[in-house]
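Topology and contacts: notes
This is what each chain is made of:
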Amino acid sequence: MSDVSLFEVGLIAGGGAIGAASRYLIGTGLARTTSWPGWIGVLIANLLGCVMIGLAAGSCDAGPWTRAFLMTGVCGALTTMSGLALDLTVLIWIAAWRQ
């Protein structure tokens, strides 16, 4: 861990907080304002995060701090597969319960 600075860890943690809050706001915002199922918000958050990380990865001027904050922090929290996996499990369980 000698190669990692506390500043970098702080960037990742701050970006992660922003990504997690964004994911929550996207999901709850869509659920409250539309009649779409809840998993649509998770899908949109994942797609948005994938586009953001792709743009950041393709940017030749993205330095190590930008990569730490945006790619690892924000996009890492925004595109977590656990939310998608949970929603998929719930949908499968509901469908199985109805039969």
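Up top is the structure.
Here is a short report on the structure shown in this document. Sequence order as written defines residue numbering, which begins from 1 separately in each chain. Thresholds applied to this predicted model are a pLDDT of at least 70 for local features of residues and 80 or more for the giving and counting of side-chain atom pairs; totals over whole chains, interfaces and linings are not thresholded and use all residues. Side-chain calculation: all heavy atoms of the structure are included, whereas hydrogens and water are not.

1. Some points on the packing of helix α2 (residues 39–58) against helix α3 (residues 64–78)
This is how the line gets drawn: Whenever a helix is involved, its axis is fitted only over the stretch in contact; in every case the axis is a line through C-alpha atoms, and angles between N-to-C directions fall within 0 to 180 degrees. Numbering of helices and strands runs from the N terminus, with a helix taken as a DSSP run of H or I at least four residues long and a strand as a DSSP run of E at least two residues long. Oblique is the label for every angle not falling under 35 degrees (roughly parallel), over 145 degrees (roughly antiparallel), or within 65 to 115 degrees (roughly perpendicular). A clockwise turn of the near helix away from the far one marks a right-handed crossing, whereas an anticlockwise turn of less than a right angle marks a left-handed crossing. A contact between two residues is defined here by any heavy atoms of the two lying within 4.5 Å.
At a minimum axis separation of 9 Å, α2 and α3 run at an interaxial angle of 165°. By the criterion of interaxial angle, the relationship of α2 to α3 is roughly antiparallel. Judged by the sense of rotation from one axis to the other, the crossing of α2 with α3 is left-handed. In this structure, α2 uses A45, N46, L48, G49, M52, I53, A56 and A57 to contact α3, whose residues at the interface are R67, L70, M71, V74, C75 and L78.

2. Remarks on the packing of aromatic side chains
Pairs of aromatic rings are described using the distance from one ring centre to the other and the angle between the two planes. Selection rule: Stacked, edge-to-face and tilted are the three classes for Phe, Tyr and Trp ring pairs, Trp counted by its six-membered ring, which pair at centre distances within 6.5 Å; planes under 30 degrees apart are stacked, over 60 edge-to-face, the rest tilted.
Scanning the model with the defined rule gives 1 aromatic pair in all. For the ring pair F7 and W65, a centre distance of 4.6 Å and an interplane angle of 65° mean the geometry is edge-to-face. Separated by 58 residues along the polypeptide, F7 in helix α1 (residues 6–33) and W65 in helix α3 bring together distant segments of the chain.

3. Brief notes about a nonpolar patch on the surface
So the rule is basically this: Residues qualify for a patch when their relative accessible area is over 30% and they have no salt bridge, like charges being joined within 9 Å and the nonpolar side chains of Val, Leu, Ile, Met, Phe, Trp and Tyr within 5 Å. Only the protein chains shown count as cover for residues, with accessible areas throughout obtained via the Shrake-Rupley method and a probe of 1.4 Å. The term salt bridge refers to a pairing of a side-chain nitrogen on Lys or Arg with a carboxyl oxygen on Asp or Glu at a separation within 4 Å. Throughout, exposure labels follow a simple rule: accessible area from a 1.4 Å probe, protein chains only, divided by the maximum for the residue type, with under 20% read as buried, over 50% as exposed, and the rest as partly exposed.
A surface patch of nonpolar side chains, about 340 Å² in accessible area, is lined by W39, L43, L47 and L91. For the nonpolar patch, the element with the most residues is α2, which contributes 3 residues. Among the structural elements, L43 can be located in helix α2. Assessed through its relative accessible area of 34%, L43 is described here as partly exposed.

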